[in-house]
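# Chain and residue survey
The residues making up each chain are set out below.
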Amino acid sequence: MACKVIVNRDSGNCASLDLDRLLTLLDCKDAQIVNIDKWTDWSAEDCDTVIVCGGDGTLHNAIEKYPDKQLIYAPCGTLNETSMTDDVVTTVGKVNDTLFSYVCATGSFTEIGYSANTKSKKRFKSVAYLPQVLRFYKSHQIHAKLNVDGSNYEDDYTLLMVLKSHRCFGFNFNAAYKQHKGLYLLAIRSFGKDSLVNRAKMFFPFFKVFFRGASPSVNKNWMLLPFSELTMELAEQQDFCMDGEQRSFTGTLRIHEQPLSKHIPIIKTPTCRRKHSK
């Protein structure tokens, strides 16, 4: 088995990765090791198996590059949302021709996923995201037409999120995922242009959904719906957070779940034992 290990040194917990134990665990002692950062373009054309050591964004890039290769995920990012959801990734979401493992979202707070400083994530871990919350606490006006399994909706939204998980932003809010492991649409209606008043109005639906949890339903200010096929028509180009990576989309997005030809096992990442001074 020709094996390559991709180690993202920018990931939040990569410094504690015990690479020797990992390779022993996976019986890949002769694997080729490639250290990357967020700017590195890497290739694995010459191998059968790719071991991905990094966060959700690193896994996202591996799935985009090599969806038909055997991928193994050793999470050592900051939040590792994908690994918190399942032990094995058997399906992914697909937006037109782009794949994602657990989330594709635009609007309020979604910039946090790809804007947090690398040095801060390494030093402060998940706490590094907290300053970004205030920075991106804004009301958006994203006009979109949505067709959710044949049901039509049209409005201005401050958040549009397609989720294949029970959690995002570190919040375990989508309890329905345990019974139905598929794609969900979370849409929170816009309260208008960004202002202090509209930011205050935003607080209540966001608190309801993310802090108290939500069940599939359509409400006055938000909806959470499982779906098989979603068409999203955007009036203007929007920046999306896809598994912690920034992607831009415009026009019509067709979104559905796609099975993987080779399932991605998620392993418990071995960490270095700390040496205690005598």
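The paragraphs below set out a description of the structure included in this document. It should be emphasised that the depicted structure is a prediction, and the values quoted were computed from it without experimental measurement.

Cut-offs used in this document
Residues numbered from 1 in each chain as written. Predicted model: local features only at pLDDT ≥ 70, side-chain atom pairs only at ≥ 80, totals over all residues. Heavy atoms only, no water. Helix = DSSP H or I, 4+ residues; strand = E, 2+ residues; numbered from the N terminus. Rg over C-alpha atoms; globule rule 2.2 N^0.38 Å. Buried < 20%, exposed > 50% of the residue type's maximum accessible area, 1.4 Å probe, protein only. Contact = heavy atoms within 4.5 Å. Areas by Shrake-Rupley, 256 points an atom, 1.4 Å probe, with all protein chains shown as cover. Lys, Arg positive; Asp, Glu negative; His and termini not counted. Charge placed at Lys NZ, Arg CZ, Asp CG, Glu CD. Patch = residues over 30% accessible without salt bridge, like charges linked within 9 Å, V, L, I, M, F, W, Y side chains within 5 Å. Salt bridge = Lys/Arg side-chain N within 4 Å of Asp/Glu carboxyl O. Pairing = 2+ DSSP bridges. Axes fitted to C-alpha atoms, helices over the stretch in contact; angles between N-to-C directions. Polar contact = N/O pair within 3.5 Å; in protein donor to acceptor, adjacent residues only side chain to side chain. Expected span 1.5 Å × (residues − 1). Bend = angle between axes of the 7 residues up to and from the residue.

The helix and strand tally for the protein chain stands at seven helices and 14 strands. A compact globule built from 278 residues should have a C-alpha radius of gyration of about 19 Å, and the protein chain, at 19 Å, falls within 12% of that. Expressed as lengths along the three principal axes of its C-alpha atoms, the size of the protein chain is roughly 55 × 45 × 35 Å. With 278 residues in all, the protein chain has 51% of them scored as buried. In the protein chain, of all internal contacts separated by at least 6 residues, the share reaching a separation of at least 24 is 69%. Accessible surface, the protein chain as shown: approximately 14000 Å² in total, 48% of it carbon and sulfur. Seen as two clouds, the 35 positive and the 30 negative side-chain charges of the protein chain have centres 9 Å apart.

Moving on, we come to a nonpolar patch on the surface. A contiguous nonpolar surface patch, about 450 Å² in accessible area, is contributed by F203, F204, F207 and F211. By the secondary structure assignment, F207 is in helix α7 (residues 196-212).

This part is about the side chain of T110. Its place among the elements puts T110 in the loop between β7 (103-107) and α4 (112-115). Here T110 is in contact with A105, L159, F169 and C241, once residues within four sequence places are set aside.

Attention now goes to helix α2 (residues 56-65). A large share of α2 lies buried, amounting to seven of its ten residues. Those residues of α2 lying buried are D56, G57, T58, L59, H60, A62 and I63.

Take the sheet that holds strand β1 (residues 3-8) next. One open sheet holds the four strands; their spatial order is β2-β1-β3-β4, and the pairing between them is parallel. Of all strands in the sheet, those bounded by a partner on one side alone are β2 (32-36) and β4 (70-75). Averaged over all adjacent pairs, the angle separating strand axes in this sheet is 20°, with direction ignored. In terms of strand pairing, β1 meets strand β3 (residues 49-54) through five bridges, oriented parallel. Counted as the bridge partner of V7 is C53 from β3. Packing against the sheet, α2 makes contact with β1, β2, β3 and β4, and its axis sits at approximately 155° to β3.

For the rest of this paragraph, the subject is the side chain of T158. Tracing the backbone shows T158 in strand β9 (residues 151-163). On the accessibility criterion, T158 (0% relative accessible area) is buried. One polar contact links T158 to S108, side chain to side chain, over a distance of 2.5 Å. Here T158 is in contact with T106, G107, S108, K138, S139, H140, I142, I188, R189, S190, M202 and F206, once residues within four sequence places are set aside.

Structurally, D239 is set in strand β13 (residues 229-242). With a relative accessible area of 33%, D239 lands in the partly exposed category. In this structure the C-alpha to C-alpha distance between D239 and T110, which are 129 residues apart in sequence, comes to 8.9 Å. Within the local environment of D239, its side chain forms a polar contact with the side chain of S248, the two groups lying 2.5 Å apart.

What follows covers α7. Taking 1.5 Å of rise per residue, 17 residues should cover 24 Å, and α7 covers 23 Å from first to last C-alpha, within 8% of that figure. At F206, α7 shows its maximal bend, which comes to roughly 35°. Those residues of α7 that sit buried are N198, M202, P205, F206, V209 and F210. Next to the buried residues of α7 lie β9, β10 (183-189) and β12 (222-227). Once α7 finishes, G213 follows within two positions and takes phi at roughly 95°, a positive value.

Non-glycine residue N96 carries a positive phi angle of around 55°. With respect to the helices, strands and loops of the structure, N96 is situated in the loop between β5 (88-95) and β6 (98-100). Within the chain, D243 stands out as a residue other than glycine whose phi angle is a positive 55°.

Just geometry here; none of it tells us what the structure is for.
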